[in-house]
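Geometric and topological summary
The residues making up each chain are set out below.
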Amino acid sequence: MYDIGMHDVPAASESRLDRLMACGDDCALFVDIDGTLLDMAPAPDAVVVPQGLVETLARLKHSLKGAVALITGRRIADADRFFAPLKLIAVGVHGAEARTVPRGPTSTLVMPVPGGLARAVRDMARDLPGVLFEDKGPALALHYRHAPEAKDALAPELERIVLRWDDFAVRPGRKVLEVVPKAHSKGTGLTWLMGLPIFKGRRPVMIGDDHGDEPALRAAERLGGVGLRVAGEHFRDGAEFDSPASVRAWLAGLSTGR
């Protein structure tokens, strides 16, 4: 059984993390990227991957016999770029993309956002200085970190546009609003991965920091595992980790058996 390094996490979290200690080698690890593994950045491509993190993830993949996956709102291609040469099992774009074996191909599970919807959202963003439009294929994102005051105008207008497309919904995040397929989420992605042979029979442990991670945190709990939260703009009280740095430190200890 691992000593998971309680000194690296808030003392109030020890009771929940005690549950994880019981998992030992029988757990399956699912981890969000932005705000969980990596510190938030001013723009999506400005994130920094700290030294040693790729090696930590590789050790965890080995010790858990491959039962490690990234659960992210980003495209899986972004994750591969950040964590090269490592290519883990992954769910991307809030459940709309999936890779079921390490280094395997990525499958897109839904069609791209309809052109009319994408154009309407892009045109709206163009009229709001500081708002960054991102086309993820099966989803769209409007980042307003550089213009937080734009949210009051952005949110209701985006909701109004998306109402015309029955299969899509607006999902809030950390200084971002995303247009995503209603039928998919990080929770559906985690649940689907848990049916694969490499994860089946294990206890899921999901770590996330944001609104979009909540379906996966709930899914992990529903499947007999643990949902662990990272404090930040969304989770403020009672989070198990106080920052991505504490997540990285905890995972490093877990990967080396300290």
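Okay, so let's go over this structure. What you see is a predicted model, and the numbers here were worked out from it, not measured in a lab.

Rules used in this analysis
- Residues numbered from 1 in each chain as written.
- Predicted model: local features only at pLDDT ≥ 70, side-chain atom pairs only at ≥ 80, totals over all residues.
- Heavy atoms only, no water.
- Helix = DSSP H or I, 4+ residues; strand = E, 2+ residues; numbered from the N terminus.
- Buried < 20%, exposed > 50% of the residue type's maximum accessible area, 1.4 Å probe, protein only.
- Contact = heavy atoms within 4.5 Å.
- Areas by Shrake-Rupley, 256 points an atom, 1.4 Å probe, with all protein chains shown as cover.
- Salt bridge = Lys/Arg side-chain N within 4 Å of Asp/Glu carboxyl O.
- Pairing = 2+ DSSP bridges.
- Axes fitted to C-alpha atoms, helices over the stretch in contact; angles between N-to-C directions.
- Arc of directions from axis to C-beta.
- Polar contact = N/O pair within 3.5 Å; in protein donor to acceptor, adjacent residues only side chain to side chain.
- 1 Å grid on protein atoms, 1.4 Å probe; cavity = no way out; pocket = protein on both sides within 12 Å on 5 of 7 lines; lining within 4 Å.
- Points joined across faces, edges and corners; volume = space filled by probe spheres on them.
- Core = buried A, V, L, I, M, F, W, Y, C linked by side-chain atoms within 4.5 Å.

Section: the overall build of the chain
If you tally the helices and strands in the chain, you get eight helices and 11 strands. Counting across all 258 residues of the chain, residues that qualify as buried make up 56%. Sequence-distant contacts, at least 24 apart, represent 58% of the contacts inside the chain between residues at least 6 apart. Of the roughly 11,200 Å² that the chain leaves accessible, carbon and sulfur atoms contribute 54%.

Describing the pattern of salt bridges
Taken as a whole, this structure holds 17 salt bridges when the rule is applied. Of the charged contacts in the structure, one is a salt bridge between Arg218 and Glu214, with a shortest N-O distance of 3.8 Å. In this pair, Arg218 and Glu214 are both assigned in helix H7 (residues 214-222), four residues apart and thus about one turn of the helix distant. Residue Glu214 is classed as partly exposed on the basis of its relative accessible area, which comes to 23%. Connected through shared salt-bridge partners, Arg145, Arg174, Lys175, Asp209 and Glu233 make up one network.

Considering the sheet that holds strand E9 (residues 176-181)
The strand order E6-E7-E9-E8 describes an open sheet built from four strands, whose pairing is antiparallel. Looking at strand neighbours, the two that pair on one side only are strand E6 (132-135) and strand E8 (168-173), the edges of this open sheet. For this sheet, the mean inter-axis angle between neighbouring strands, taken without regard to orientation, is 20 degrees. Inspection of the sheet shows strand E7 (residues 140-143) paired to E9 by four bridges, in the antiparallel sense. Paired with His143 across the two strands is Val176, which belongs to E9. Contacts between helix H4 (residues 115-126) and the sheet are confined to E6, E7, E8 and E9, with E7 contributing the most and set at about 5 degrees to the helix.

Some details on the environment of Ser107
Along the chain, the position of Ser107 falls in strand E5 (residues 107-108). Exposure remark for Ser107: the relative accessible area of 38% places this residue in the partly exposed category.

Regarding helix H6 (residues 186-193)
All buried positions along H6 are accounted for by Lys186, Gly187, Gly189, Leu190 and Leu193. When H6 is viewed along its axis, its buried side chains cluster within an angular range of 160 degrees and face the same direction. Looking at the buried residues of H6, the elements they touch are strand E1 (27-31), strand E2 (68-71), strand E3 (89-92), strand E4 (97-99), strand E10 (203-208) and H7. For H6, the N-terminal cap is Ser185; the gap from its side-chain oxygen to the backbone nitrogen of Gly187 is 3.1 Å.

A word on empty space enclosed by the protein
The tally for this structure, following the rule as stated, stands at two cavities of 30 Å³ or more. Size it by volume and the second largest cavity reaches roughly 30 Å³. As for the second largest cavity, its lining consists of Leu70, Ala79, Asp80, Phe83, Leu86, Lys87, Leu88 and Arg99.

Here's the deal with the nonpolar core
In this structure, Phe30, Phe83, Phe199 and Ile207 are the most contacted members of the largest nonpolar core, which totals 51 residues. Formed by 24 residues, the second largest nonpolar core is a distinct cluster that contains Ala118, Val121, Val131 and Val162.

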